[in-house]
Protein chains: 2
Amino acid sequence: MIDDRKEKLRCPLSPVSFLNVGISGGYWGRRVETVRTVTIPLEYEMNRKTGALASYQWESERDKDRPWRIWVGDVGKWTEAAAYCLGVRPDRKLAELAEHAVHEVIRGQKPDGYLYCNVTAPARRWTNLRDLHELYDVGHAIEGAVAYYQATGKRDFLDTMCRCADLLEANFGDGPGKQRGYDGHPEVELALVKLYRSTGERRYLDLAKFFVDERGRQPHYFDQEAAARGEDPKNSWTHRFSPGAPHLCFQAHRPVRQQDEAVGHAVRALYLYSGMADVAVETGDEELLAACQRLWMSAVHRRMYVIGGVGSSSHGEAFTCDYDLPNETAYAETCANIALVFFAHRMLQIKADSEYADVMERALYNGVLSGLSLDGRTFFYANHLTAYPKGGNAASDHVAPARQEWFGCACCPPNIARVISGIGQFVYSTSSDGLYVHLYMGGRVKCQVGGTQVTLKQETDYPWKGKVHFTLDPESPARFDLALRIPGWCRRPNLRVNGKVTSVAAILRSGYACVRRDWAKGDEVELTLPMPVERVEAHPSVRANCGRVALQRGPLVYCLEEVDNGPDLADLFLPRTSRLTVEYRKRLLGGVAVIRGKGFRRSRAGWKDQLYRSTRSRPKAVGILAIPYALWANRGTGEMVVWVRGG
Amino acid sequence: MIDDRKEKLRCPLSPVSFLNVGISGGYWGRRVETVRTVTIPLEYEMNRKTGALASYQWESERDKDRPWRIWVGDVGKWTEAAAYCLGVRPDRKLAELAEHAVHEVIRGQKPDGYLYCNVTAPARRWTNLRDLHELYDVGHAIEGAVAYYQATGKRDFLDTMCRCADLLEANFGDGPGKQRGYDGHPEVELALVKLYRSTGERRYLDLAKFFVDERGRQPHYFDQEAAARGEDPKNSWTHRFSPGAPHLCFQAHRPVRQQDEAVGHAVRALYLYSGMADVAVETGDEELLAACQRLWMSAVHRRMYVIGGVGSSSHGEAFTCDYDLPNETAYAETCANIALVFFAHRMLQIKADSEYADVMERALYNGVLSGLSLDGRTFFYANHLTAYPKGGNAASDHVAPARQEWFGCACCPPNIARVISGIGQFVYSTSSDGLYVHLYMGGRVKCQVGGTQVTLKQETDYPWKGKVHFTLDPESPARFDLALRIPGWCRRPNLRVNGKVTSVAAILRSGYACVRRDWAKGDEVELTLPMPVERVEAHPSVRANCGRVALQRGPLVYCLEEVDNGPDLADLFLPRTSRLTVEYRKRLLGGVAVIRGKGFRRSRAGWKDQLYRSTRSRPKAVGILAIPYALWANRGTGEMVVWVRGG
């Protein structure tokens, strides 16, 4: 199927495997540790309680008590999270849990390779790809199996998923007698490319490419499939959701190469775009890559929250239109923000441009990390940018103004676990003759750079302080680039190489300061990224944020909480002239830099029972205190705003 | 049932019947004329086309094609609207249409008096009062019958509805063998009091009081009724809607006397409160009146839009919580705003306080009149205070950013027709020795004041100009109060009696300037209500409006439209220092006073592809033009804002 004359795209970067990246202490180290010791065991227990773990053994076709359709995927994601921990640090207890989970999956596979909890009768297989998540689940199980194999060297889970992928490959495709279907929820595409990369079996890549290319073609598979089930396709929910463009909700309204705008369910969109980028790279498909770039522009430059979140509306958990970024009803599902990280990370390898890493950092530090409480026990599904709990408008736990212990559809908890435990994979890349540092966090990386094994130690108090200290240790002296990302938020970076000031501007390439020299053991590089508090404005067409600023310091977007600033946060005003100071508070939220300033509120004098009046209210000076957005809602339920009224 | 020792409340005011009020020309006269000649005939035609008119003849129990549950009520409201026209002006064509509509209703009555289109099998009668609107429809038909009788003197429709009410009276109540039910949608309560007032039959009042008092009592009727239908009451939508307070959506969560907050479906709430006020007055029930006063405070002082609209959320078309008044997702259903007028009008008669008339005027001039296009042909169901049509978030025609030709549930069109055609009934009241003028509009009233027949002529260009000229014509000289409402928005009223300046402050009683003297034919009173443009603020807890002002002039709330001000209205800023001028434009929107001023927008320079940046945008001076809110969306679809950013 794949044109063999085309080569793999010349992709400048390759990510350094999580296996070779150590994260030690600091901001991320502590979160990784909480996830390993609290979140992952807790999620195992929840998967046991809900029945997700045992769902692979489901045999009945009764609808009552049928396993929830994404449970297989949830266990897959959980296994992936556990694998990221096990790959870098022995943990006997966790290894046992993972072994048991993997065993449940393996036992659940049918003799022919089929694996999915929600369908048992063979005649019902692949008859409702639109709604059932049948391949989505396989995708997450594949991702889990690949990570588990990488972390433990054990092949059994990987072999299981290969057999499952072989079954799919035998069934789906454009060859004679094959089913031309694809899943309503993209995920299996990117997973199949992972499986291809892990096994070298090109048929998995071919199948991924088939799924990508078939999507949205006419005659429409989902309509044919619905008709075969005896339904009236025109009357399906997916026609009604977007009458002018049926199946838009899962990016199947037209072939993916013809898509220009990020639309529909945001998680599906970003998983799809990630899979498209993978296929484009592996098959040398410039046209597909161009579609990825257009979709990036749409998602990131016109439809992304400042916290690195996507999906403005709970209606369909979806993208809406350009610049439509309401704060109080923001959906910005944790899974969608995570999927944005995946897409950004893939685009970054294709073009070593710091814009991609900037977005990855923005999402990780803000809209992703916000999904998990500091104690690792509760989760946000939707990530609002304004909370007003009194409103009581939350129709479900999924849009609650407080983190929840679990969800009926619990996709986010294992997703955030695998991102945090696997954070190492996003930090470094290598090129043919360079080592790229995308993210700043204490730890160590070991990798091959142009044939030389290099160890790099990173020491920093980031994101609280902007100084990052690197110590190099190549196995032998070698000439290569050390490429350090200069974040988009940083105006005046300073660089010293072995103590000598070096001009960043002179060596800046696409947002990376590329220090090229002969490196030897003990060489030191010090990057300083000054972090003044910035007042961020949104584009004038973002109507929700006109007249408002968001406070950002370094990679962190800040917010104001009721517990620090009193209720009625909407009435606070922060003048442009107010000086903003930073204070590190050791005892607050596990240690945090807060921002303080002077603002105003309206005096309540004379309001009483009035709801409207034409007398102007007097302003009253008040202190303002902001904390990092990702850490909000760790001190009870209350109001919160990211975008503060101000000049 | 009613304690006969209690007397009717001493109610200071009685409204002057629409039959005795002429509206000539001017702002309202033209709208009344459009409704009579365009809207009412058009609605007749729609009622014919949809099947609403013929729905009374429905005989089948098939679910397919079953008449829509409120069609009987819609025809009732239409008849009422037609009656208000016919009562003050002959119109042969309209009289024929009304005669035909009335005949359809009469023909539809079952031999025992039953009347409702959606239920035919006697065994199904009154088995789902919670959902079916079975008594709601009877209520609107009664209101139509009373108005038709008053306007034409023809008794047949009234007799039909008396037979229907008799059937209800025989079936419902707390006596032995009677059904203790009441309707999920209040309306029949206020209608039964109208029927009582029109016929003198006290049993109708008793029944109204029963319905009011039974509402929300335990054991809960709607739960018993659901169980009798074989449903699980705890699993009903009305439990799920408000888990802590089942049946809150229709104000049946607790007995009405124990209610303090305006909650649930806003139309139902205000119809209920109106019925409660009626029953309180007629039965001398101070406790019930106190509940009305508490609910007034809640609805008007903490939950009302500046346009005189209520019901903040489309979710249940309902009230939400105090100060929760979002602009873009405002529901403020035309019917709810109309129901607010009804409640205000009733409270005004009970206590002659201009606060009630102020709210009535606010709603009529803004959130009610906005419901109908200038040409009388299209209707708003929801009345947003911010429109952003690009958002495309409108899930249905009911919340569209443009007026619609009709709706699946078309309650609003006949409601606005009956309010505009019956506007005369809200203008004047009489007391034992006074004539009260609540609203200012050109025309003439004839009424008895303390035994003397008085004719009063009112001449004015209101709401464009604040001067109102009255000429009195008592049949013989008589001493009484001419009580002129001084609107809450007016700071410096001027009064001249026969040319002589009279101090308003000295004769002000509860917001009315009470001119007491011996009046003789030809006496003249001139009231001048200066109308500078006011910048209105909302209470600091109204988070949607912090940092914003609404422009108001006289009774009119203004808005900015895209057609006059360009797109991205959210970015406009109107400084406190900007002088606002008023210009009368004869050719615009049928003649309208616009407000002009100077504001600012952010310059787009340098934005390009950026979504966020920390460079401050430069302000750019722009002209601002505002038109009355009620007249928006008469020049195509575009953005609109009521609350402009500004000091």
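Quick look at the overall build of chain A now. Helix and strand counts for chain A stand at 16 helices and 24 strands. Computed over the C-alpha atoms, the radius of gyration of chain A is 25 Å, within 12% of the 26 Å expected from 2.2 N^0.38 for a compact globule of 647 residues. For chain A, the spread of C-alpha atoms along the three principal axes comes to 75 × 70 × 45 Å. The contacts in chain A between residues at least 6 apart in sequence include a share of 71% that link residues at least 24 apart. Carbon and sulfur atoms make up 49% of the accessible area of chain A, which amounts to about 23,100 Å² in all.

We now examine the relation of the copies chain A and chain B. Of the transformation superimposing chain A on chain B, the axial component is 0.1 Å and the angular component is 180 degrees, with the fit at an RMSD of 0.0 Å. Here the symmetry operator amounts to a two-fold rotation axis. It is Gly547(A) whose C-alpha, among those of chain A, lies nearest the rotation axis, at 4.3 Å. When the interface residues of chain A are mapped onto chain B, 100% of them again lie at the interface, so the same face is used by both copies.

What follows covers the packing of helix 2 (residues 71-86) of chain A against helix 5 (residues 134-152) of chain A. Residues and elements named next belong to chain A. Taken N-terminus to C-terminus, the directions of helix 2 and helix 5 make an angle of 20 degrees; their axes are 7 Å apart at the nearest point. With respect to helix 5, the element helix 2 is oriented roughly parallel. Two packed elements cross with a definite hand, and for helix 2 against helix 5 that hand is left-handed. Contact residues: helix 2 offers Trp71, Val72, Gly73, Gly76, Lys77, Thr79, Glu80, Ala83, Tyr84 and Leu86, while helix 5 offers Tyr136, Asp137, His140, Ala141, Glu143, Gly144, Ala147, Tyr148 and Ala151. For the contact of helix 2 with helix 5, the residue count by class is ten nonpolar, five polar and four charged.

Moving on, we get to the pattern of salt bridges. Inspection of the entire model under this criterion finds 110 salt bridges over all chains. Residues Arg479(A) and Asp518(A) are paired through a salt bridge, measuring 3.4 Å at the closest nitrogen-oxygen approach. Of this pair, Arg479(A) sits in strand 9 (residues 478-485) while Asp518(A) sits in strand 13 (residues 512-519); the two residues are 39 residues apart in sequence, bridging distant segments of the chain. With its nearest N and O atoms 3.7 Å apart, the salt bridge here joins Asp353(B) to Lys351(B). What emerges from the salt-bridge pattern is a single network uniting Arg130(A), Asp131(A), Glu225(A), Arg229(A) and Glu231(A).

We now examine unusual backbone geometry. Backbone torsion omega between Tyr462(A) and Pro463(A) reads 5 degrees, so that peptide bond is classified as cis. Position of Pro463(A) relative to the elements: it lies in the loop between strand 7 (452-460) and strand 8 (467-474). Phi is positive for Ser510(B), close to 50 degrees, though the residue is something other than glycine. Here Ser510(B) shows up in the loop between strand 12 (508-509) and strand 13 (512-519).

Glancing now at the sheet that holds strand 7 (residues 452-460) of chain B. Residues and elements named next belong to chain B. Taken together, the seven strands give an open sheet; going across it, the order is 2-6-7-8-14-10-11, and neighbouring strands pair in antiparallel fashion. Edge positions in the sheet fall to strand 2 (21-23) and strand 11 (500-502), since each has one partner strand and no second. Taking each pair of neighbouring strands and ignoring which way they run, the sheet shows an average axis angle of 20 degrees. Alignment of strand 10 (residues 494-497) against strand 11, held across three bridges, turns out to be antiparallel. In the sheet register, Val497 faces strand 11, and the bridge partner there is Lys500.

The subject of this paragraph is the interface of chain A and chain B. Buried accessible area, meaning the area lost when the parts come together, often serves as the stated size of an interface. Taken together, the 53 residues of chain A in the interface contact 53 residues of chain B. Joining chain A to chain B, the criterion identifies four salt bridges. Notably, a salt bridge pairs Glu537(B) with Arg602(A), separated by 3.0 Å at the nearest N-O pair. Of all the secondary-structure elements, those providing two or more residues to the side of chain A that touches chain B are helix 12 (286-302), strand 15 (533-538), strand 21 (612-613) and strand 24 (643-646) of chain A. Broken down by element, the residue count for the side of chain A that touches chain B peaks at five residues, all from strand 15 of chain A. Pairing geometry for strand 15 of chain A and strand 21 (residues 612-613) of chain B, over two bridges, is antiparallel. By the bridge assignment for strand 21 of chain B, Ala538(A) is matched with Tyr612(B).

Here the focus is helix 8 (residues 202-214) of chain B. Residue and element names in this part refer to chain B. The first and last C-alpha atoms of helix 8 sit 18 Å apart over 13 residues, in line with the 18 Å expected at 1.5 Å per residue. By the criterion of burial, helix 8 is predominantly enclosed, with eleven of the 13 residues buried. Listed as buried for helix 8 are Tyr204, Leu205, Asp206, Leu207, Ala208, Lys209, Phe210, Phe211, Val212, Asp213 and Glu214. Looking at the buried side of helix 8, the elements it contacts are helix 5 (134-152), helix 6 (156-171), helix 7 (188-199), helix 11 (266-283) and helix 12 (286-302). In the segment just after helix 8, Gly216 is the residue with positive phi, at about 80 degrees.

Our focus in this paragraph is the environment of Pro233(B). All names here are of chain B. Along the chain, Pro233 falls in the loop between helix 9 (221-228) and helix 10 (237-240). Taking relative accessible area as the criterion, Pro233 reaches 15% and is therefore assigned buried. Separated by 13 residues in sequence, Pro233 and Pro246 have C-alpha atoms that sit 9.9 Å apart. When residues no more than four places from it in sequence are discounted, the contact partners of Pro233 are Asp223, Ala226, Ala227 and His239.

Our next topic: the side chain of Gln458(B). Residues and elements named next belong to chain B. Turning to its location among the elements, Gln458 is positioned in strand 7. Classification of Gln458 as buried rests on a relative accessible area of 1%. There is a polar contact of 2.8 Å between the side chain of Gln458 and the side chain of Tyr428. A polar contact is formed between the side chain of Gln458 and the backbone nitrogen of Met441, at a distance of 2.6 Å. Ignoring any residue separated from it by four or fewer positions in sequence, one finds Gln458 in contact with Val427, Tyr428, Val437, Leu439, Tyr440, Met441, Gly442, Gly443, Val468, His469 and Phe470.

The subject of this paragraph is the pairing of strand 15 (residues 533-538) of chain B. Among the six residues that make up strand 15 of chain B, six are buried, leaving the element largely enclosed by the rest of the structure. Judged by which residues are buried, strand 15 of chain B turns out to be covered on both faces: Val533(B), Arg535(B) and Glu537(B) on one side and Glu534(B), Val536(B) and Ala538(B) on the other are all buried.

Attention now goes to the sheet that holds strand 12 (residues 508-509) of chain A. Residues and elements named next belong to chain A. Here we have six strands laid out as an open sheet, ordered 1-4-5-9-13-12, and mixed in their pairing. Of all strands in the sheet, those with a lone pairing partner are strand 1 (14-15) and strand 12, marking the two edges. Two elements, strand 1 and strand 4 (residues 428-431), share two bridges in a ladder whose sense is antiparallel. Within strand 4, the position partnered with Ser14 by the bridge is Thr430.

Cut-offs used in this document
- Residues numbered from 1 in each chain as written.
- Chains lettered and ligands numbered in written order.
- Predicted model: local features only at pLDDT ≥ 70, side-chain atom pairs only at ≥ 80, totals over all residues.
- Heavy atoms only, no water.
- Helix = DSSP H or I, 4+ residues; strand = E, 2+ residues; numbered from the N terminus.
- Rg over C-alpha atoms; globule rule 2.2 N^0.38 Å.
- Contact = heavy atoms within 4.5 Å.
- Areas by Shrake-Rupley, 256 points an atom, 1.4 Å probe, with all protein chains shown as cover.
- Least-squares fit on C-alpha atoms with pLDDT ≥ 70 in both.
- Axes fitted to C-alpha atoms, helices over the stretch in contact; angles between N-to-C directions.
- Parallel < 35°, antiparallel > 145°, perpendicular 65-115°, else oblique.
- Left-handed = near helix turned anticlockwise from the far one by under 90°.
- Nonpolar A, V, L, I, M, F, W, Y, C, P; charged D, E, K, R; others polar.
- Salt bridge = Lys/Arg side-chain N within 4 Å of Asp/Glu carboxyl O.
- Pairing = 2+ DSSP bridges.
- Expected span 1.5 Å × (residues − 1).
- Buried < 20%, exposed > 50% of the residue type's maximum accessible area, 1.4 Å probe, protein only.
- Polar contact = N/O pair within 3.5 Å; in protein donor to acceptor, adjacent residues only side chain to side chain.

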